[in-house]
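Summary of structural features
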Amino acid sequence: MKQFESLTGRSMSRRQLLTGSALLGGGLLATGLTGCGGAAGAASTPTINFWHLLSGGDGTKMQAMIANANNGNPGFKVHPTVLAWGAPYYTKLAMASAGGRPPEVAIMHASRVPGYAPGGLIEPWDLGLLAQNGITPENFAPRIWEKSQQNGKVFSLALDSHPFIMFYNTDIAGKAGLLESNGQLRDVSSPAEFKAVALEMQKVTKSHGLSFGYLNLGSQMWRLFYTLYKQHGAEIVLTPGQPMQANRDAAVESLEFMASLFDDTIAAKGNDINTGIAEFVRGDSGMLFSGGWELPTMKKAKLPVDALTIPTLYGTPASYADSHSFVLPRQLAVDEEKRRDAYKFVSDILKGSLSWAEAGHIPAYQPVVQSQAYKELTPQVHYANAAEIISYDPEAWFSGSGSDWQNYFAEFIQNVLLGRSKAQDGWDGFVGRTNDLLSRPNPV
Amino acid sequence: MSSSTASRQTSQARTTTAPGIKTGPSLRRSRDNVSGWAFAAPFLVFFLVFLVWPIFYGFYMSLTGKSLTGANDALIGFSNYSEAFADAGMWRSLGNTLYFTVISTVPLVLVALVMAALLNIGLPAQWLWRLSYFAPFLLASTVVSLFFVWMYNPQLGLINDFLSKFGIPKVGWLNDPNVAMWSIVIATLWWTVGFNFLLYLAAMQNIPAQHYEAASLDGAGAWRQFFSITLPQLTPTTVMIVLLQILASLKVFDQIYQMTSGGPGGSTRPVVQYIFETGFTGYRLGYSAAISYIFFGLIVLVSALQFVVTRRRSA
């Protein structure tokens, strides 16, 4: 490596530097310097750019998983870029893909794929290459695998499913006499029973029975609504050029039930997501409706917490969820070597997703879910059944996690939940807004 | 050729060219022109690339069905405009923008004037007052929004907690459609009034002291002096502040997006957010460009009105 040291020497002339650089560059190109480790080896390592939207505890976990993948694959280096969740992330990804110079691999919510795949912003995965890396369709739960496809092609590879669930404080539930002999919360199967349980917990906390932060957050309102709506066995179909198809009675009943919870006894009339979580962590409520991804917050606060899927109140088990999924944004010119590395990287992350499960997500990769190590993870394993009853958002170019459509939902439903307007009016307003979107030209 | 060489040669030409030779001045002029253009070039390039070209391209885009996904950039005439004029969402967001502009401009000018006047009468520790009035203006919109989101929180917020001590029921500062815009105006006032205050203070301190001396000799009290000397002397500053404030308020976006995302019920969504949503999250760049040109027309109209009013006043 003497040659390399001389290149970095301070006394070198400009001409020497240029000549040296040219020689080194030529050498790198000609040989790939595979036998030369250290700094020169690192310079030749292809970089796989990877965009994701995972921050907080999720972000730290993902960073560790990337570091593991990098350590296990000296042939490439994954360089992550983290962007803010929601519109900032999805607009940047769409623009980068439209320009043809996006990252080699990116994370998307599975529910957003219908807005990206038809316009050619992402490319399908090659099942043959996946199989070479040990990833096959059998590795995924049927519902999740089905969701990964658009027009028969696999556009997204799910890392997880992250359902909207019910956390509960085991101390409070115990004091309220609501725990079964197995230590879990008593079964609840109707709206009236649910309210009775919440009121029992309120008697212990003297504050509220349930926390649910929703103010100014369409996604949060939508998660609970859609869970309850799907529990009616109802569907929503969004077809551009046609009015929205939905079951109005089921929607209104779900909304009325939600609104009835905010009576300042069962739940506070207006909590946003932060105050909702804070209330539950303080022990001022016995239950919290939120995403499984909040589990690290509860663990960090050393809260005696357990979790279940949202109880089936209307007959059909259902749980709103989405999946963080890997996608291949469209490249102007595909670098085949980098693409192969991207497949290897993604397969490594999937296989190592037990670590991801610690952040509260349900891994999509079934060998991990079936492993003994996962079965010992509590309370994750108590809501793992959500993967079988997942309800992804109805498909349209404008729907999905962090979409404007969820904000439009809030526009009409927040006042219903605050008791300022009727459930029928709120729902009809939302349907009207959706029909307006459906009647306009489809930009994808 | 370096600019110093160019100027040397130009000065040589000036000293050696005899009067009466026709080529001399024109050659000089053209050389002057070359160096003039050379100096102006960096700015001109930026001006053309980042302002003039986008203005024309944006208008062209508004005549197409262009999508963020790159699909359909064919010309479709003025149909985006006709769609926009029939779009209740656009009119509502334009209405919200105008409402915000009206209810924010008045306090932002009046409060700044009062603050400057208070300081101008000679309070002790002037630097402290100037700093406290102006400091919020230096904060990022995200920081300001976060402050106010917490203070406005109906359950844990400082403001409701304070009001509850007097038995006043909880106010949904950011979730009551009748209150939300006012809450945003209060936050904006706290955040940006310092800028107008500074302009007023500078203008007040430029009013000659003799005016006040003469007035007090004539027996004019403080109020009379304020209304008969200070205010009239501040007229040009007031006109400028009002114009700048109207334009700034028309462009409102950041704090609303961060505090309410345009809610509740779309009651605070400004037109800039509507443009952002249709273009970037709704992918419809052509349609979004059409709405921005309608909005641009409105701003030109407001500026023209302002120009006419001020010209009439100064004539």
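Positions within a chain are numbered from 1, following the residues in the order the chain's sequence is written. Chains carry letters from A onward and ligands carry numbers from 1 onward, assigned in written order. Confidence filtering applies because this is a predicted model: local features only for residues at pLDDT of at least 70, side-chain atom pairs given and counted only at 80 or more, and all residues used for totals across whole chains, interfaces and linings. As a rule here, side-chain values come from all non-hydrogen atoms in the structure, and water together with hydrogens is ignored.

Next up on the list: the overall build of chain B. Secondary structure elements are defined from DSSP: runs of H or I of at least 4 residues count as helices, runs of E of at least 2 residues count as strands, and each element is numbered from the N terminus. Scanning chain B from terminus to terminus reveals 14 helices and zero strands. Scanning chain B from its N terminus toward the C terminus, one meets helices and strands in the order α-α-α-α-α-α-α-α-α-α-α-α-α-α. The size measure is the radius of gyration over C-alpha atoms, and the globule rule it meets is 2.2 Å times the number of residues to the 0.38 power. Rg of the C-alpha trace for chain B: 27 Å, well past the compact-globule value of 20 Å for 315 residues, more than 25% over. Across its three principal directions, the C-alpha atoms of chain B cover 90 × 75 × 35 Å. Here the term buried applies to any residue with accessible area under 20% of the maximum for its type, exposed to any over 50%, and partly exposed to those in between, with areas from a 1.4 Å probe on protein chains only. Evaluated residue by residue, chain B yields a buried proportion of 39% over its 315 residues. In this analysis, two residues are considered to be in contact whenever any of their non-hydrogen atoms come within 4.5 Å of each other. Long-range pairs, those at least 24 residues apart, make up 64% of the contacts in chain B between residues at least 6 apart in sequence.

With that settled, the discussion passes to the overall build of chain A. Helix and strand content of chain A: 19 helices and 17 strands. On C-alpha atoms alone, chain A measures out to a radius of gyration of 25 Å, which is about the 22 Å that the 2.2 N^0.38 rule sets for 444 residues. Projected onto its principal axes, the C-alpha coordinates of chain A cover approximately 80 × 50 × 45 Å. Looking at the 444 residues of chain A, the share that counts as buried comes to 56%. Relative to all contacts within chain A whose residues are 6 or more apart in sequence, the contacts with residues 24 or more apart total 77%.

What follows is about the packing of helix α9 (residues 209-217) of chain B against helix α10 (residues 222-233) of chain B. All names here are of chain B. Lines are fitted to the C-alpha atoms to define the axes, a helix being fitted only along its stretch in contact, and any angle between axes, read from their N-to-C directions, falls within 0 to 180 degrees. Between α9 and α10, the least distance of the axes is 11 Å, while the angle of their chain directions is 160°. Between α9 and α10, the interaxial angle falls into the category roughly antiparallel. When you trace α9 past α10, the crossing you get is right-handed. Packed against α9, whose contacting residues are His211, Tyr212, Ala215 and Ser216, the element α10 presents Gln225, Ile229, Thr230 and Gln233 at the interface. Partitioned by chemical class, the residues of the contact of α9 with α10 number three nonpolar, five polar and no charged. For this classification, under 35 degrees means roughly parallel, over 145 means roughly antiparallel, 65 to 115 means roughly perpendicular, and everything else is oblique. By the definition used in this description, the sense in which the near helix is turned from the far one sets the handedness, with an anticlockwise turn below a right angle giving left-handed and a clockwise turn giving right-handed. Here the nonpolar group is Ala, Val, Leu, Ile, Met, Phe, Trp, Tyr, Cys and Pro; Asp, Glu, Lys and Arg are the charged ones; every other residue, Gly included, is treated as polar.

Aromatic ring pairs are reported here in terms of the distance separating the ring centres and the angle at which the planes meet. Here the aromatic set is Phe, Tyr and Trp, taking the six-membered ring for Trp, and pairing holds for ring centres within 6.5 Å; pairs whose planes are under 30 degrees apart are stacked, those over 60 apart are edge-to-face, and all others are tilted. With the rule as written, the count across this model stands at 58 aromatic pairs over all chains. Judged by centre distance (5.7 Å) and plane angle (45°), the rings of Trp222 of chain A and Phe225 of chain A are tilted. Taken together, the residues span about one helical turn, with Trp222 of chain A and Phe225 of chain A both in helix α10 (residues 218-230) at a distance of three residues. Residue Trp222 of chain A shares its accessibility class with Phe225 of chain A, and that shared class is buried. For Arg433 of chain A, the ring lying beneath its charged end belongs to Tyr408 of chain A, and the centroid distance is 4.1 Å. Across from the ring centre of Tyr287 of chain B, 4.5 Å away, lies the NZ or CZ of Arg284 of chain B, which sits over that ring. Criterion for a charge above a ring: Arg CZ or Lys NZ at most 6 Å from the ring centre, at most 35 degrees from the ring normal.

The parts lose accessible area when they come together, and the size of an interface is often stated as this lost area. Taken together, the contact pairs 33 residues of chain A with 29 residues of chain B. Accessible area, probed at 1.4 Å, shrinks when two parts are joined; the buried area is that loss added up over both. Of the roughly 2,600 Å² buried where chain A meets chain B, counting both sides, 53% is carbon and sulfur surface. By definition here, a salt bridge exists when the distance from a side-chain nitrogen of Lys or Arg to a carboxyl oxygen of Asp or Glu is within 4 Å. Linking chain A to chain B there are three salt bridges. Asp87 of chain B serves as the salt-bridge partner of Arg440 of chain A, at 3.4 Å between the closest nitrogen and oxygen. Looking at the side of chain A that touches chain B, the elements with two or more residues in it are α5 (87-99), α12 (273-281) and α18 (404-417) of chain A. Among the residues making up the side of chain A that touches chain B, the classes are represented as 14 nonpolar, 10 polar and nine charged.

The subject of this paragraph is helix α11 (residues 235-250) of chain B. To estimate how far a helix should extend, the number of its residues minus one is multiplied by 1.5 Å. With 16 residues, α11 of chain B should reach 22 Å at 1.5 Å per residue; the first-to-last C-alpha distance of 22 Å fits that figure. Among the residues of α11 of chain B, those classed as buried are Thr237, Val239, Ile241, Gln245, Ile246, Ser249 and Leu250 of chain B.

Cavities and pockets are defined on a 1 Å grid built over the protein atoms alone: a cavity is a set of grid points where a 1.4 Å probe fits but cannot escape, while a pocket is an open set with protein on both sides within 12 Å along at least five of seven lines, and lining residues are those with an atom within 4 Å of any such point. Grid points are joined across faces, edges and corners, and a volume is the space filled by probe spheres set on the points. As enumerated under the stated definition, the model contains two cavities of 30 Å³ or more in all. The volume enclosed by the largest cavity comes to roughly 300 Å³. Looking at the lining of the largest cavity, the elements that each hand over two or more residues are α5, α18 and α19 (423-439) of chain A together with α13 (271-281) of chain B. Considering each element in turn, the lining of the largest cavity owes the most residues, five residues, to α13 of chain B. Of the residues that constitute the lining of the largest cavity, the class distribution is 12 nonpolar, seven polar and seven charged. In this structure, the second largest cavity encloses a volume near 100 Å³. Considering the residues around the second largest cavity, the lining is formed by 14 residues, among which Asn407 and Ala410 of chain A together with Thr260, Ser261 and Gly263 of chain B are closest to the centre. The greatest single-element share of the lining of the second largest cavity, amounting to four residues, is contributed by α18 of chain A. The class makeup of the residues in the lining of the second largest cavity is three nonpolar, nine polar and two charged.

Note that side chains of opposite charge can pair when their charged atoms are close. All names here are of chain A. In total, this model carries 17 salt bridges over all chains according to the counting rule given. Across the pair Lys203 and Glu200 runs a salt bridge, and its minimum N-O distance is 3.2 Å. A residue pair is termed a helical-turn pair when its members lie 3 or 4 positions apart in one helix, as Lys203 and Glu200 do in helix α9 (residues 191-205) at three residues. Among the residues examined, Lys203 registers a relative accessible area of 51% and is labelled exposed. Among the ionic pairs, Glu235 bridges to Lys230, the shortest N-O distance being 3.1 Å. When its relative accessible area of 49% is taken as the criterion, Glu235 is described as partly exposed. Since its relative accessible area comes to 12%, Lys230 is described here as buried.

Further remarks concern the pairing of strand β15 (residues 324-329) of chain A. All names here are of chain A. Of all six residues making up β15, six are buried, and the element is well covered by its neighbours. For strand β3 (residues 105-109) and β15, the ladder comprises four bridges, and the chain directions are antiparallel. Opposite Ile107, over in β15, you have Phe326 as the bridge partner. Inspection of the sheet shows strand β4 (residues 122-123) paired to β15 by two bridges, in the antiparallel sense. Note that in β15 the partner of Ile122 across the bridge is Pro329. In short, DSSP must find at least two bridges between two strands for them to pair. In this structure, strand β7 (residues 157-158) lies alongside β15, joined through two bridges in antiparallel fashion. When the bridges of β15 are listed, Ala158 appears paired with Ser325.

In this section: the confidence of the model for chain A. Residues and elements named next belong to chain A. With 90% of its residues at a pLDDT of 70 or more, chain A has an overall mean of 88. By mean pLDDT, helix α1 (residues 2-8) is the weakest element of chain A at 33, and helix α11 (residues 248-261) is the strongest at 98. One number per residue, pLDDT, summarises how confident the predictor is, and it ranges from 0 to 100. Every residue in residues 1-42 scores below 50 in pLDDT, and together they form 21 contacts with partners more than four places removed in sequence or on other chains.

Residues and elements named next belong to chain A. Remark: α9 packs on α11, axes separated minimally by 12 Å, with the N-to-C direction vectors making an angle of 15°. Here α9 lies roughly parallel to α11, going by the angle between them. Relative to α11, the crossing made by α9 is right-handed. Of the residues in α11, those in contact with Pro191, Phe194 and Lys195 of α9 are Phe257, Ser260 and Leu261.

Attention now moves to the nonpolar core. Definition used in this section: a nonpolar core is a set of buried Ala, Val, Leu, Ile, Met, Phe, Trp, Tyr and Cys residues joined via side-chain atoms within 4.5 Å. One finds Trp125, Phe194, Phe326, Phe345 and Trp427 of chain A to be the most contacted residues of the largest nonpolar core, which totals 124 residues. Those residues in contact with Phe194 of chain A, other than ones at most four positions away along the chain, are Met166, Val188, Leu210, Phe257, Leu261, Met287, Phe289, Pro311 and Leu313 of chain A.

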